[in-house]
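Breakdown of the fold
Letter by letter, the chains look like this.
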Amino acid sequence: MNVIAPEPITADLSALAARFRQVLPPECVVTDTIARKPFETDAQTMHRQMPGIVVLPETVAQVSEVLRLCREFGVPVVPRGAGTGLSGGATPVPGGVLLAMTKFNRILDVDYANRVVVAQPGVTNLGITRAVEDDGFYYAPDPSSQIACTIGGNVAQNSGGVHCLKYGLTVNNILGVELVTMDGEVLRVGGKHLDPEGYDLLSIITGSEGLLGVITEVTVRILPKPETVRALLVSFDSIEAGGACVADVIASGIIPAGMEMMDRITIDAVEEYCAPGYPADAAAILICELDGPAAEVDYLIERVTAIATRNGAIGVRASQSEEERLLFWLGRKSAFPAAAKMKPDYYVLDGTIPRNKLAPVLARIGELSRASGLTIANVFHVGDGNLHPLILYDANVPGEMEAAEHLGHDILRLCVSVGGVLTGEHGVGTEKRDLMPEMFTDLDMQQQQRLKCAFDPGQHLNPGKVFPTLHRCAELGAMHVHKGKTAFPELPRF
Amino acid sequence: MTSAYKPTDEKELAELISWASAEARPLELVGSGTKRGLGCPVKINGRGIPAKVDLSGIAGVVFYEPEELVISVRPGTPLEQVNQMLAERNQMLAFEPLDWGWLLCGESKYGTIGGAISVGSSGPRRVKAGAARDFVLGAHAVNGRGECFKSGGRVVKNVTGYDLHKLMTGAYGTLGAFTEITLKVLPAPEKTYTLLIHGLKPERAVEALTAAANSPFEVSGLAHIPAPEAARSQVPYVGRADRAITAIRVEGHGVSVTHRMEELKKLVAPFGPLEELHSMNSRRFWSEVRDAWLLPPDHQVVWRVSVPPTNGAAIIAASGADSWLMDWAGGLIWLGYESAAAGQGARIRAAMTEGGHALLVRAPDAVRREEAVFQPQAEGLAKLSARVKAGFDPSGIFNPGRMGAVSLPGAA
């Protein structure tokens, strides 16, 4: 990966660190090499960079000061939560500042009457649910890293999870944020109300991958816990049959809480890893989770069972207890660690495709896998077409990591070519940055970058992420028109 | 007479906008024009009367794949046509776009899908299903430079690039002109029932609605109508009740609706006498709530106020309004005044102690020009919004002033 930064960094980092120490407690400014080491990567570990300085502010005023100083010194800043991101969004810029928000770890307000929680950005995703579950509530988006990932990181990445089909992504579940812009200004967008006032900036701050501002507070919606949750474990002798079943479920007006599928390679891997008892004869298995009032769940279990049978399911089991439901999920949730047992390294992809393209896309992924000689295990959020092919490789074998990356990019191009997208929930970051032109024209990307310029005209925040080409904001803002020389000197009449 | 243009495709539209941009000629983007009365009137601003660009010619369905829960339409497509098409396949736009015609034109006029998305308003189901922008998966549009761009896609799970299409939802055509909008659709409910509680005061109604909203029974409508407005209802159980009505909507599969209605009855029985509405009456009632149809049509001034639900009853009490409706369990308040008087907006906004958005929906033109139609923003946010606008439309040609000061050229 080539590093792109707007300007070579010429600032005196030790002078900047000294200024940081005037506004932050000394232990919150990290310049020691060993102490900076843990911050050199997020969960996309293929690429590492040492940050110049790591700062761990404790107050909003300190965040504001840090950003102001970085701007004054012309030093890029990379914001970071728990570092669980999978696309390199929190990979440091060499010689830049890494701004870790982990000390913002308090829940500020639990408001049941308005069904919201106000949290600092360093609170974990699961931490929000933990704070309200005894009173019968939960926070719906559930990325698989939910035990560790932070709500601030979730907002930056617009994180998803296994229940997006019914409950949406982060953007659909938050109502407000407090944001510090690069010039140190503290802005409040949204709140506990439902209609946006003015432009819906919350919808672009969510998923902005740390390029627009630093989130210092989040207001999330919480939901009453469903009365009942049950799951079906369905096996098929082909991926096609499984895909057809999923399409039929949705076409019949049923929106399950989650629909997850995995292929034979993954089934074998998880059986060996944790023995969830998946059928030995299946080419694919489907976990279909239904939640809601007991009467509804029982009724839908019957209907989905009938649809599965009609689509040639070779086995259907409905969970009869919470233990059994969790056992169904055990294998799915262990898919990544199980894959890690098969090869020393794996590279997880995140493309989304229209559901009806599932069978041909998986067939093509199989061909690409065979041609490259690298094994691919497929697990996917089939309900919303979000694929997570796991490319297995060994970084110690020369050339294998590059081959895995190459194969991964071919698969993402395939997703885009059938009407899908590069990333369903992991973000663009550095990983998919250079693939953006597969999906967007220069004009598409320039329009996005102009938005970036509205927030951060000096482009100090997280440079080198998301966009493959850096444009100066002045260049993007220029109007190339010459009065009298336009295509329409006369009034056009349509 | 003002000029009017009617481009028939993206290319013609882009050429027109390129020209207008080069000449710095302001344009007023309209679909069928049913919501021109909403928001601020476009400003003349020393550059001549904005030329009208009629987008109703860029119409039609690009694709509709019911089993994929997705439809893609051109902006000029009539909203009723979209609703009809979806209904034929037992699907719907779950955010319940309003029929703004009742409030703004005195009769039913749904307008175009482009208009519905551009004002971005959501109906009673907002509390459960989400807002208009949550259902916009992607769009093609032309910016103020005359450049065609797209964002998003046709799949629900997508975090590739910025969601410009969501930002443009509710932007009143001040950022760009849509040429295609891709929407997520959902199955229409098999059954729609409504549980009514009679005779509650607003504070007590909010308590009942909160109890229902905080229950696991997946309610999709939470409204409270005072007695005089309830009397306007065409649903007999509501119109003849002669009392305030608190309403809880339950939608979904038949067995589930029956079960949840029984559970909810137990939950709210302590609040007052109960009644049930079934499918036809339910649908009629919720469209009356959605469109604020229950407000007296001769009340000259109407406000739509979005606040934290616990703040709703206080807004009603402080507003001095002559008529009102409560939706979203207290989170949405419609206020009506028989006639315009100084200080109405200030009174409402002073009562909004926990943030929110008060939008002036209907008023005589003089009032619309003077009053802050949109909620005034803190300076930093207003300046940022103006820079965002300039990033899409640097010459400020689209609907100048339609969203107040932030949408005027030079505000950045």
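Residues numbered from 1 in each chain as written. Chains lettered and ligands numbered in written order. Predicted model: local features only at pLDDT ≥ 70, side-chain atom pairs only at ≥ 80, totals over all residues. Heavy atoms only, no water.

**Topic: the overall build of chain A**
Stated precisely, the cut-off is as follows: Secondary structure elements follow DSSP: runs of H or I of four or more residues count as helices, runs of E of two or more count as strands, with numbering from the N terminus. The globule rule used for comparison is 2.2 Å times the number of residues to the exponent 0.38, while the radius of gyration itself is calculated over C-alpha atoms. Working definition: with a 1.4 Å probe on protein chains only, accessible area under 20% of the residue-type maximum means buried, over 50% means exposed, and in between means partly exposed. Contact between two residues is taken to exist if any of their heavy atoms lie within 4.5 Å; hydrogens are not considered. Each accessible area is a Shrake-Rupley estimate made with a 1.4 Å probe; only the visible protein chains count as cover when residues are assessed.
Of the regular secondary structure elements, chain A holds 17 helices and 18 strands. In terms of C-alpha radius of gyration, chain A reaches 24 Å, essentially the compact-globule figure of 23 Å for 494 residues. Counting only residues that meet the buried cut, chain A has 61% of its 494 residues in that class. In chain A, the share of contacts with a sequence separation of at least 24, taken over all contacts with a separation of at least 6, comes to 71%. Here chain A has roughly 17,400 Å² of accessible surface; of this, 53% comes from carbon and sulfur atoms.

**Some words on the pattern of salt bridges**
Rule in force here: The rule for a salt bridge is simple: a side-chain nitrogen of Lys or Arg has to be within 4 Å of a carboxyl oxygen of Asp or Glu.
Using the criterion set out here, one finds 51 salt bridges over all chains in the structure. Lys 343 of chain A serves as the salt-bridge partner of Glu 400 of chain A, at 3.6 Å between the closest nitrogen and oxygen. Here Glu 400 of chain A is found in helix 14 (residues 400-417), whereas its partner Lys 343 of chain A is found in the loop between helix 12 (335-342) and strand 16 (345-348), with 57 residues between them in sequence. Here Glu 400 of chain A falls in the buried class, since its relative accessible area comes to 15%. Lys 265 of chain B is the salt-bridge partner of Glu 262 of chain B, the closest N and O atoms lying 3.2 Å from each other. Taken together, the residues Glu 262 of chain B and Lys 265 of chain B, both in helix 10 (residues 254-268) and three residues apart, mark about one turn of the helix. Classification of Glu 262 of chain B as partly exposed rests on a relative accessible area of 40%. Because the salt bridges share partners, they merge into one network encompassing Glu 96, Arg 125, Arg 249 and Glu 251 of chain B.

**Overview of the side chain of Asn 114 of chain A**
Counted only if it meets this: Pairs of N or O atoms within 3.5 Å make up the polar contacts considered here, provided that, within protein, one atom can donate a hydrogen while the other can accept it, and that residues adjacent in sequence are counted only when both atoms are side-chain atoms.
Inspection of the secondary structure puts Asn 114 of chain A in the loop between strand 5 (107-111) and strand 6 (116-119). Only 2.8 Å separates the side chain of Asn 114 of chain A from the side chain of Thr 310 of chain B, close enough to count as a polar contact. Discounting chain neighbours no more than four positions away, the residues touching Asn 114 of chain A are Lys 192 of chain A together with Pro 308, Pro 309, Thr 310 and Glu 354 of chain B.

**Here we look at the domain arrangement of chain A**
Residue and element names in this part refer to chain A. Definition in use: Per the annotation, domain bounds derive from an automatic or database assignment of domains. Accessible area that two parts lose when put together, evaluated with a 1.4 Å probe and summed over both, is termed the buried area.
Its domain assignment divides chain A into domain 1 (1-225), domain 2 (228-336) and domain 3 (343-427). Domain 1 and domain 2 are separated by 35 Å when their C-alpha centres are compared. Taken together, the contact between domain 1 and domain 2 spans five residues of the former and nine residues of the latter. Across the domain 1/domain 2 interface, buried area totals approximately 730 Å², and carbon plus sulfur atoms make up 55% of it.

**Notes on empty space enclosed by the protein**
Put simply, the rule is: Cavity and pocket criteria rest on a 1 Å grid covering protein atoms alone: a 1.4 Å probe that fits but cannot get out defines a cavity, protein on both sides within 12 Å along at least 5 of 7 lines defines an open pocket, and an atom within 4 Å of a point defines a lining residue. Grid points are joined across faces, edges and corners, and a volume is the space filled by probe spheres set on the points. Residues were grouped as follows: Ala, Val, Leu, Ile, Met, Phe, Trp, Tyr, Cys and Pro as nonpolar; Asp, Glu, Lys and Arg as charged; and all remaining residues, including Gly, as polar.
Taken as a whole, this structure holds seven cavities of 30 Å³ or more when the rule is applied. The computed volume of the largest cavity comes to approximately 430 Å³. Broken down by secondary-structure element, the contributors of at least two residues to the lining of the largest cavity are strand 8 (174-180) and strand 9 (186-190) of chain A together with strand 18 (357-362) and helix 15 (379-392) of chain B. Per-class residue counts for the lining of the largest cavity are 17 nonpolar, 12 polar and six charged.

**Description of the sheet that holds strand 6 of chain A**
Residue and element names in this part refer to chain A. Worth spelling out the cut-off: The criterion for strand pairing is that DSSP finds at least two bridges linking the strands in question. Only the stretch in contact is used when fitting a helix axis, every axis being a line fitted to C-alpha atoms; angles between N-to-C directions are given from 0 to 180 degrees.
The antiparallel open sheet is built from five strands, whose spatial order is 5-6-10-8-9. What marks the edges here is a single partner per strand, and that holds for strand 5 and strand 9. Pairs of neighbouring strands in the sheet enclose a mean axial angle of 10°, with direction left out of account. Here strand 5 pairs with strand 6 via four bridges, running antiparallel. Directly across from Val 110, in strand 6, lies its bridge partner Val 117.

**Describing the packing of helix 9 (residues 264-274) of chain A against helix 12 of chain A**
Residue and element names in this part refer to chain A. This is how it is decided: Note on angle classes: values under 35 degrees are labelled roughly parallel, values over 145 roughly antiparallel, values of 65 to 115 roughly perpendicular, and the remainder oblique.
Packing of helix 9 against helix 12 leaves a shortest axis separation of 8 Å and a crossing angle of 90°. The orientation of helix 9 with respect to helix 12, classified from their angle, is roughly perpendicular. Of the residues in helix 12, those in contact with Ile 265, Thr 266, Ala 269, Val 270 and Tyr 273 of helix 9 are Ala 335, Pro 337, Ala 338, Lys 341 and Met 342. Of the residues contributing to the contact of helix 9 with helix 12, the split by class is eight nonpolar, one polar and one charged.

**Concerning the interface of chain A and chain B**
Taken together, the contact pairs 103 residues of chain A with 89 residues of chain B. When chain A packs against chain B, close to 8,000 Å² is buried across both sides, 59% of that on carbon and sulfur atoms. Joining chain A to chain B, the criterion identifies six salt bridges. Taken together, the links from chain A to chain B amount to 38 residue pairs in polar contact (both at pLDDT 80 or more).

**Some words on the pairing of strand 3 (residues 77-80) of chain A**
All names here are of chain A. The alternating pattern of strand 3 places Val 77 and Pro 79 and Val 78 and Arg 80 on opposite faces, both of which are buried. As paired elements, strand 3 and strand 4 (residues 97-100) share four bridges and run parallel to each other. Looking at strand 4, one finds that Pro 79 is bridged to Leu 99.

**Brief notes about the state of the cysteines**
To be explicit about the condition: Note that a disulfide, as used here, is simply two cysteine sulfur atoms within 2.5 Å.
In total, this model carries one disulfide over all chains according to the counting rule given. Across a sulfur-sulfur distance of 2.0 Å, Cys 453 of chain A and Cys 473 of chain A are joined as a disulfide pair. Linking Cys 453 of chain A and Cys 473 of chain A, the disulfide has an S-S dihedral of approximately -85° and is accordingly described as left-handed. Separated by 20 residues along the polypeptide, Cys 453 of chain A in helix 16 (residues 442-455) and Cys 473 of chain A in helix 17 (residues 473-477) bring together distant segments of the chain. Using a relative accessible area of 11% as the deciding quantity, one classes Cys 453 of chain A as buried. Distance from the sulfur of Cys 28 of chain A, which forms no disulfide, to the nearest cysteine sulfur (Cys 70 of chain A) is 15 Å. Cys 105 of chain B supplies the cysteine sulfur nearest to Cys 40 of chain B, a cysteine that is in no disulfide, at a spacing of 18 Å.

**Topic: the side chain of Ser 334 of chain A**
Note on placement: Ser 334 of chain A falls in the loop between helix 11 (322-333) and helix 12. The contact partners of Ser 334 of chain A, leaving out residues within four places of it in the chain, are Val 270, Tyr 273 and Cys 274 of chain A.

**A word on the environment of Thr 430 of chain A**
All names here are of chain A. Mapped onto the secondary structure, Thr 430 falls in the loop between helix 14 and helix 15 (436-439). Classification of Thr 430 as buried rests on a relative accessible area of 8%. Between the alpha carbons of Thr 430 and Gly 88 there is a distance of 5.2 Å; along the sequence they are 342 residues apart.

**Notes on the domain arrangement of chain B**
Residue and element names in this part refer to chain B. Splitting chain B by domain gives domain 1 (1-188 + 376-412), domain 2 (191-290) and domain 3 (301-370). Domain 2 puts 13 residues into the contact, and the matching count from domain 3 is 11 residues. Interface area, domain 2 with domain 3, both sides summed: about 1,100 Å², of which 67% is carbon and sulfur. Counting across the interface, domain 2 meets domain 3 through zero salt bridges. Scanning the region where domain 2 abuts domain 3 turns up four residue pairs in polar contact (both at pLDDT 80 or more). Mapped by element, the contributors of at least two residues to the side of domain 2 that touches domain 3 are helix 7 (202-213), strand 12 (219-225) and helix 11 (279-290). Residue composition of the side of domain 2 that touches domain 3, by class: nine nonpolar, one polar and three charged.

**Observations regarding the nonpolar core**
Which entries qualify depends on this criterion: Take the buried residues of types Ala, Val, Leu, Ile, Met, Phe, Trp, Tyr and Cys, join any two whose side-chain atoms come within 4.5 Å, and each joined set is a nonpolar core.
Formed by 202 residues in total, the largest nonpolar core has its most connected members in Leu 201 of chain A together with Ile 248, Phe 285, Val 305 and Trp 334 of chain B. By residue number, the principal contributor to this core is helix 14 of chain A, which donates eight residues. The residues contacting Val 305 of chain B, other than those within four sequence positions of it, are Ile 315, Gly 331, Leu 332, Ile 333, Leu 335, Ile 348, Met 352, His 357 and Ala 358 of chain B. Of all hydrophobic cores here, the second largest spans 23 residues; its members include Val 29, Leu 67, Val 77 and Leu 461 of chain A.

**What to know about the sheet that holds strand 4 (residues 61-65) of chain B**
Residues and elements named next belong to chain B. Across the sheet, which stays open at both edges, the five strands sit in the order 4-5-9-7-8 with antiparallel pairing between neighbours. At either end of the open sheet lies a strand with only one pairing partner, and these are strand 4 and strand 8 (148-152). Each adjacent strand pair in this sheet contributes to an overall mean axis angle of 10°, direction not counted. Across four bridges, strand 4 lies against strand 5 (residues 70-73) in antiparallel orientation. Looking at strand 5, one finds that Glu 65 is bridged to Val 70. Contacts from helix 1 (residues 10-23) reach strand 7 (136-142), strand 8 and strand 9 (177-184) within the one sheet, and its direction differs from that of strand 7 by about 55°.

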